[in-house]
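An overview of the molecular structure
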Amino acid sequence: QVAAVEARAIGVHVNFAPVADVNNNPRNPVINIRSFGEDPATVGAMVRASVDGLQRGGVVATLKHFPGHGDTDVDTHLGLATVPHDRARLDRVELAPFRDGIAAGAGAVMVAHVEMPALDATPGPATFSERIVQGLLRKDLAFGGLVLTDSVRMDAITRMVDAGEAAVRAVEAGADVVLDPPDTGAAFDGLKAALASGRLTRQRIEGSVRRVLEYKARLGLHRTRA
């Protein structure tokens, strides 16, 4: 809560935390000490407390990296990671802290550049998966807040598609915010072209815009930013 109050004092109103990943792979080069630990129940309890404190302090908490980046040995800044476990194991371990964070009222979820074949057999990251974002997160877990991508500047994405196509695929999957494109102009042009061609609908775009504006209003940003 103190971190949130300090953040709002300087005009920061979204925190890309807490990390809800369970750090159960000692070879994980990117999550490791950013996680609350290797026990799903402990991670979930800490996630709940973090969400509560941040949001009582007036900052949107962001659960990451959905649907779980703890059991990987690839840094997604450098390549695409895969979590090979079955759905029962994912429900028991990886997804449990995210359920806790959603139950605590987290305002945002950040989706990882991680493949999970048990959730979507189509090759590619959760970032581009409608089954994972719209199906699992929105429908099954009943999350109604903001969905953000992880940085689409990371190699897991840039090795696969250009900035315009990355933005379109992320929004098709259900993202409200495409974070940190390597070329913002190209991302915008890609979205605009997809809207003009009918690949993306106006309803889909406006759904995300409404969610973003609603959160800005809840935080009072139309009155004061700090």
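Anything mentioned here points back to the structure above.
These numbers were taken from a predicted model, which means no experiment stands behind them. (Residues numbered from 1 in each chain as written. Predicted model: local features only at pLDDT ≥ 70, side-chain atom pairs only at ≥ 80, totals over all residues. Heavy atoms only, no water.)

Moving on, we get to the pairing of strand β6 (residues 146-149). Alternating residues of β6 divide into Leu146 and Leu148 and Val147 and Thr149, and every residue in both groups is buried. Bridge count for strand β4 (residues 108-111) against β6 is four bridges, and the pairing is parallel. Within the sheet, the bridge partner assigned to valine 111 lies in β6 and is threonine 149. (Buried < 20%, exposed > 50% of the residue type's maximum accessible area, 1.4 Å probe, protein only. Helix = DSSP H or I, 4+ residues; strand = E, 2+ residues; numbered from the N terminus. Pairing = 2+ DSSP bridges.)

This part takes up the nonpolar core. Most often, soluble globular proteins have nonpolar side chains that are buried together. Core analysis: the largest hydrophobic core is formed by 35 residues, its most contacted members being Leu63, Phe66 and Leu137. Those elements giving two or more residues to this core turn out to be α1 (2-9), α2 (40-56), β2 (60-66), α4 (96-103), β4 and α5 (130-140). Here phenylalanine 66 is in contact with Leu95, Phe98, Val109, Met110, Val111, Ala112, Ala126, Ile132, Leu136, Leu137 and Leu141, once residues within four sequence places are set aside. Counting 14 residues, the second-largest nonpolar core is a separate cluster that includes Val161, Ala167, Val168 and Ala170. (Core = buried A, V, L, I, M, F, W, Y, C linked by side-chain atoms within 4.5 Å. Contact = heavy atoms within 4.5 Å.)

So, about the environment of lysine 64. Tracing the chain through its elements places lysine 64 in strand β2. Look at lysine 64 and you get buried, because its relative accessible area is 10%. Along the chain, lysine 64 and leucine 213 lie 149 residues apart, while their C-alpha atoms are 22 Å from each other. Ignoring anything within four residues of it in the chain, the contact list for lysine 64 reads Phe16, Pro18, Val19, Ala20, Asp21, Arg34, Phe98 and Met110. Polar contacts involving the side chain of lysine 64 include one to the main-chain carbonyl oxygen of phenylalanine 16, which spans 3.0 Å. (Polar contact = N/O pair within 3.5 Å; in protein donor to acceptor, adjacent residues only side chain to side chain.)

Moving on to helix α7 (residues 163-173). Across the eleven residues of α7, eight count as buried, placing the element largely inside the fold. Buried residues along α7 sit against α5, β6, α6 (155-158), α8 (184-197) and α9 (202-218). Among the residues trailing α7, glycine 174 stands out with phi positive, at a value near 130°.

What follows covers the side chain of serine 35. Take serine 35: it is sitting in the loop between β1 (14-15) and α2. Only 3.4 Å separates the side chain of serine 35 from the backbone nitrogen of asparagine 23, close enough to count as a polar contact. Setting aside anything within four residues of it in sequence, one finds serine 35 in contact with Val19, Asp21, Val22, Asn23 and Val43.

Burial of the side chains of β4 extends over both faces: Ala108 and Met110 are buried on one face and Val109 and Val111 on the other. Sheet topology note: the β2/β4 ladder contains three bridges and is parallel. Along β4, the bridge assignment pairs threonine 62 with alanine 108.

Next up on the list: the pattern of salt bridges. Taken as a whole and judged by the stated rule, the model has 14 salt bridges. Of the charged contacts in the structure, one is a salt bridge between arginine 87 and aspartate 91, with a shortest N-O distance of 3.1 Å. In this pair, arginine 87 and aspartate 91 are both assigned in helix α3 (residues 87-92), four residues apart and thus about one turn of the helix distant. Relative accessible area serves as the criterion here: at 31%, arginine 87 is assigned to the partly exposed category. Classification of aspartate 91 by relative accessible area gives partly exposed; the value is 25%. Close ionic contact of arginine 199 with glutamate 165 constitutes a salt bridge, the shortest N to O distance being 2.8 Å. In this pair, arginine 199 sits in the loop between α8 and α9 while glutamate 165 sits in helix α7, placing the two residues 34 residues apart along the sequence. Where salt bridges share partners, they join Glu165, Arg169, Glu172 and Arg199 into one cluster. (Salt bridge = Lys/Arg side-chain N within 4 Å of Asp/Glu carboxyl O.)

Everything listed here is a matter of geometry and, on its own, says nothing about what the molecule does.
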